[in-house]
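Here are the chains, one letter per residue:
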Amino acid sequence: PVYPKALYLLAVASVSDAKKYRSFDIYRKSASLLERAVEQDRGFIAARLLLAQVYNAIGEKDKARNQIETVLRISSDPNYLRQAQSILGDINSNQ
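Residues numbered from 1 in each chain as written. Predicted model: local features only at pLDDT ≥ 70, side-chain atom pairs only at ≥ 80, totals over all residues. Heavy atoms only, no water.

Draft legend 1. Up close: the packing of helix H2 (residues 24-40) against helix H3 (residues 45-57). Closest axis-to-axis distance for the H2/H3 pair is 9 Å, and the angle between their directions is 150 degrees. Classed by the angle they form, the pair H2 and H3 counts as roughly antiparallel. The crossing of H2 and H3 is left-handed. Between H2 and H3, the residues in contact are Tyr 27, Ser 30, Ala 31, Leu 34, Glu 35, Ala 37 and Val 38 and Ala 47, Arg 48, Leu 50, Leu 51, Val 54, Tyr 55 and Ala 57, respectively. A breakdown of the residues in the contact of H2 with H3 according to their chemical character gives 11 nonpolar, one polar and two charged. (Axes fitted to C-alpha atoms, helices over the stretch in contact; angles between N-to-C directions. Helix = DSSP H or I, 4+ residues; strand = E, 2+ residues; numbered from the N terminus. Parallel < 35°, antiparallel > 145°, perpendicular 65-115°, else oblique. Left-handed = near helix turned anticlockwise from the far one by under 90°. Contact = heavy atoms within 4.5 Å. Nonpolar A, V, L, I, M, F, W, Y, C, P; charged D, E, K, R; others polar.)

So, in structure tokens, the structure goes:
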């Protein structure tokens, strides 16, 4: 079995490398890990938020918005909702 939290942790490290090396390929790897994590755990809000940021970084604005809209729909946690609004602002400002 694959564990969504393990995929998420691998993606966090991968995103850090992607930022450090400004690597589109590493961002793509991160997106793949996070896609698998949210596929296995649809309610994994932290993974959806990070996936939205990764999509935004690689220019996939519609996919990024879709993740944020899902978070806004399924989460009631005020911290997650604030993060989602902040990420949505980043997505909209980078058009």
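Draft legend 2. The arrangement of the nonpolar core in detail. Counting residues in hydrophobic clusters, the biggest one holds 28 residues, and the most contacted among them are Leu 34, Leu 49 and Ile 68. Of all the elements in the fold, those that place two or more residues in this core are helix H1 (4-21), H2, H3, helix H4 (61-74) and helix H5 (78-93). Element by element, the count of residues in this core is highest for H3, at nine residues. (Core = buried A, V, L, I, M, F, W, Y, C linked by side-chain atoms within 4.5 Å. Buried < 20%, exposed > 50% of the residue type's maximum accessible area, 1.4 Å probe, protein only.)

Draft legend 3. Representation of the packing of aromatic side chains in the model. Under the counting rule described, the total for this entry stands at one aromatic pair. A centroid spacing of 5.2 Å and a plane angle of 45 degrees characterise the contact between Tyr 8 and Phe 44, whose relative ring orientation is tilted. In this pair, Tyr 8 is assigned in helix H1 and Phe 44 in the loop between H2 and H3, connecting sequence segments 36 residues apart. For Phe 44, a relative accessible area of 10% gives the class buried. (Phe/Tyr/Trp six-rings, centres within 6.5 Å; stacked < 30°, edge-to-face > 60°.)

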